[in-house]
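# Notes for the structure review
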Amino acid sequence: MTRSPAGSRRRQSPRRAPASLKKVLLAASAYVIALIFIFPYLQMIIAAVRPKEQQREAVYLPDSFNWGAFVDFWSGGLAGNLLVTLEVAAGSTILVLLVALPAAYYSARHNFRGRMVFLFLVLITQMFQPTAMLVGIYREFFQFGMVDSVWSLILVNGGFNLAFAVWILHAYFASIPRELEEAASMDGSGRFGVLFRITLPLALPGVVTALIFTFIAAWNEFVVALTLTTTPENQPLTVALNSYIGQYQVDWQSLFAGSVIATIPVIILFALIERKVVSGLTAGSIK
């Protein structure tokens, strides 16, 4: 007795296995954790559009939505402070990459004398906090006449984020096989050609990881900016938002509206390069 081809195909077709209880619980836990992290941002948006007379009411959703705080943000001059924040974050990130890339590459590819001491000193600088050095930082920039300047904030933020970038990039450069660079050199590529055509494209996830962490750290910095800036137009947004907190009352609607606007650029940047950040954090630690 022969079997029909159709019946054979029906028996050979794989059936979709039901989702296991472990996968269901894992997915449910992930959604619960996501809601826990998203809830404060939803609360911040609702507080930004809640009318001032309803700020202290126990009702979660207001009766009406007032978008005037977002309009006042742009008309009140805080758009300039947002631009200052962007300049500080972008400038610090560029400075860190310009210094960390050659330092991490050289320390990963050359076993020079004092290499471990250099890496140990880089790690020690990561332990220092700007808050503990505010007096010295202010005095140094005051002597150079750089108080109330965007350049002072760029230098400070770049200096305190440099150690993390060097360690991330050092680990990633060390995970790239030397044979790839040697093969490119045998094909006629020079030292810089090998670096820009072979090594940096392969190390792009690590570079993006250092970029996003430096950018976010400089974007959110508050204490040093509060100390080194005096005029309102030179203050980054983190310091300018502090003006909504008075001695006897707080303008919650404007404060939350400014916080929402300050959060949106970082969320967009992280969403665009999220995959590179994840691969940079994982692959850079594997050798």
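Keep in mind it's a predicted model, so treat the numbers as computed, not measured. (Residues numbered from 1 in each chain as written. Predicted model: local features only at pLDDT ≥ 70, side-chain atom pairs only at ≥ 80, totals over all residues. Heavy atoms only, no water.)

## Considerations on the overall build of the protein
When helices and strands are counted, the protein shows 14 helices and 0 strands. Listing each helix as α and each strand as β along the protein from the N terminus yields α-α-α-α-α-α-α-α-α-α-α-α-α-α. Counting across all 287 residues of the protein, residues that qualify as buried make up 35%. Put simply, 73% of the contacts in the protein that link residues at least 6 apart link residues at least 24 apart. Summed over all atoms, the accessible surface of the protein reaches about 18,500 Å², with 67% contributed by carbon and sulfur. (Helix = DSSP H or I, 4+ residues; strand = E, 2+ residues; numbered from the N terminus. Buried < 20%, exposed > 50% of the residue type's maximum accessible area, 1.4 Å probe, protein only. Contact = heavy atoms within 4.5 Å. Areas by Shrake-Rupley, 256 points an atom, 1.4 Å probe, with all protein chains shown as cover.)

## Points about the packing of aromatic side chains
In total, this model carries 7 aromatic pairs according to the counting rule given. Seen in terms of ring centroids, Trp67 and Phe70 are 5.8 Å apart; in terms of plane orientation they differ by 40°. Their pairing is tilted. With a relative accessible area of 52%, Trp67 lands in the exposed category. Under the relative-accessibility criterion, Phe70 is labelled buried at 16%. An angle of 85° between the planes, with centres 5.1 Å apart, marks the rings of Phe73 and Trp74 as edge-to-face. (Phe/Tyr/Trp six-rings, centres within 6.5 Å; stacked < 30°, edge-to-face > 60°.)

## Looking at helix H7 (residues 150-175)
Helix length check: H7, at 26 residues, gives a terminal C-alpha distance of 37 Å against a target of 38 Å (1.5 Å per residue), a fit within 8%. Maximal helix bending in H7 amounts to about 40°, located at Leu162. The N-capping residue of H7, defined by a side-chain oxygen 3.2 Å from the backbone nitrogen of Trp151, is Ser149. (Expected span 1.5 Å × (residues − 1). Bend = angle between axes of the 7 residues up to and from the residue. Polar contact = N/O pair within 3.5 Å; in protein donor to acceptor, adjacent residues only side chain to side chain.)

## Remarks on the UniProt feature "transmembrane region" (unreviewed entry) in the protein
When the UniProt feature table is mapped onto this chain, "transmembrane region" (unreviewed entry) is found at residues 21-42, 82-105, 117-138, 150-173, 194-219 and 252-273. For residues 21-42, the end-to-end C-alpha separation is 31 Å, with 100% helix and 0% strand making up the annotated structure. As annotated, residues 194-219 comprises 96% helix and 0% strand, and the C-alpha atoms at either end are separated by 33 Å. (UniProt positions renumbered as here; feature names shortened; annotations may be inferred.)

## Observations regarding the nonpolar core
Residues Phe70, Leu78, Trp219 and Leu237 are the most contacted members of the largest nonpolar core, which totals 21 residues. Counting only elements with at least two residues in this core, the list comes to helix H2 (21-49), helix H3 (68-75), helix H4 (78-109), helix H10 (204-220), helix H12 (237-240) and helix H13 (252-272). For this core, the element with the highest residue contribution is H13, accounting for 6 residues. Beyond its immediate chain neighbours, meaning those up to four positions away, Phe70 contacts Ala48, Val49, Ala257, Val260 and Ile261. Listed in part, the 20 residues of the second largest apolar core include Leu97, Val122, Ala163 and Phe173. (Core = buried A, V, L, I, M, F, W, Y, C linked by side-chain atoms within 4.5 Å.)

## With respect to the side chain of Asp148
Among the secondary structure elements, Asp148 is positioned in the loop between helix H6 (134-143) and H7. Notably, Asp148 is buried but unbridged: the nearest opposite-charge side chain belongs to Arg139, and the N-O separation is 19 Å. At a separation of 2.9 Å, a polar atom in the side chain of Asp148 contacts the side chain of Thr231. Among the polar contacts made by the side chain of Asp148, one reaches the side chain of Asn234 at a distance of 3.3 Å. Not counting chain neighbours up to four residues away, the residues in contact with Asp148 comprise Leu228, Thr229, Thr230, Thr231 and Asn234. (Lys, Arg positive; Asp, Glu negative; His and termini not counted. Salt bridge = Lys/Arg side-chain N within 4 Å of Asp/Glu carboxyl O.)

## A short note on the environment of Trp67
Assignment of secondary structure puts Trp67 in the loop between H2 and H3. Considering only alpha carbons, one finds Trp67 and Gln253, 186 residues apart in sequence, at a separation of 9.4 Å.

## Section: empty space enclosed by the protein
Under the definition given, this model contains 1 cavity of 30 Å³ or more. By volume, the largest cavity amounts to about 50 Å³. Residue assignment for the lining of the largest cavity shows that the elements contributing at least two residues are H4 and H7. Its residues placed into classes, the lining of the largest cavity shows 5 nonpolar, 3 polar and 1 charged. (1 Å grid on protein atoms, 1.4 Å probe; cavity = no way out; pocket = protein on both sides within 12 Å on 5 of 7 lines; lining within 4 Å. Points joined across faces, edges and corners; volume = space filled by probe spheres on them. Nonpolar A, V, L, I, M, F, W, Y, C, P; charged D, E, K, R; others polar.)

## Quick look at the layout of surface pockets
There is about 250 Å³ of room inside the largest pocket. Lining the largest pocket we find 15 residues, and of these Gln129, Pro130, Phe160, Asn161 and Glu221 sit closest to its centre. The set of elements that each furnish at least two residues to the lining of the largest pocket consists of H7, H10 and helix H11 (223-228). Here the lining of the largest pocket gets 4 residues from one element, more than from any other, and that element is H7. By residue class, the composition of the lining of the largest pocket is 8 nonpolar, 6 polar and 1 charged.

## Remarks on the packing of H3 against H13
Taken N-terminus to C-terminus, the directions of H3 and H13 make an angle of 70°; their axes are 9 Å apart at the nearest point. Between H3 and H13, the interaxial angle falls into the category roughly perpendicular. Between H3, through Ala69, Phe70, Phe73 and Trp74, and H13, the contact on the second element is made entirely by Gln253, Ser254, Ala257, Gly258, Val260 and Ile261. Its residues assigned to classes, the contact of H3 with H13 shows 7 nonpolar, 3 polar and no charged. (Axes fitted to C-alpha atoms, helices over the stretch in contact; angles between N-to-C directions. Parallel < 35°, antiparallel > 145°, perpendicular 65-115°, else oblique.)

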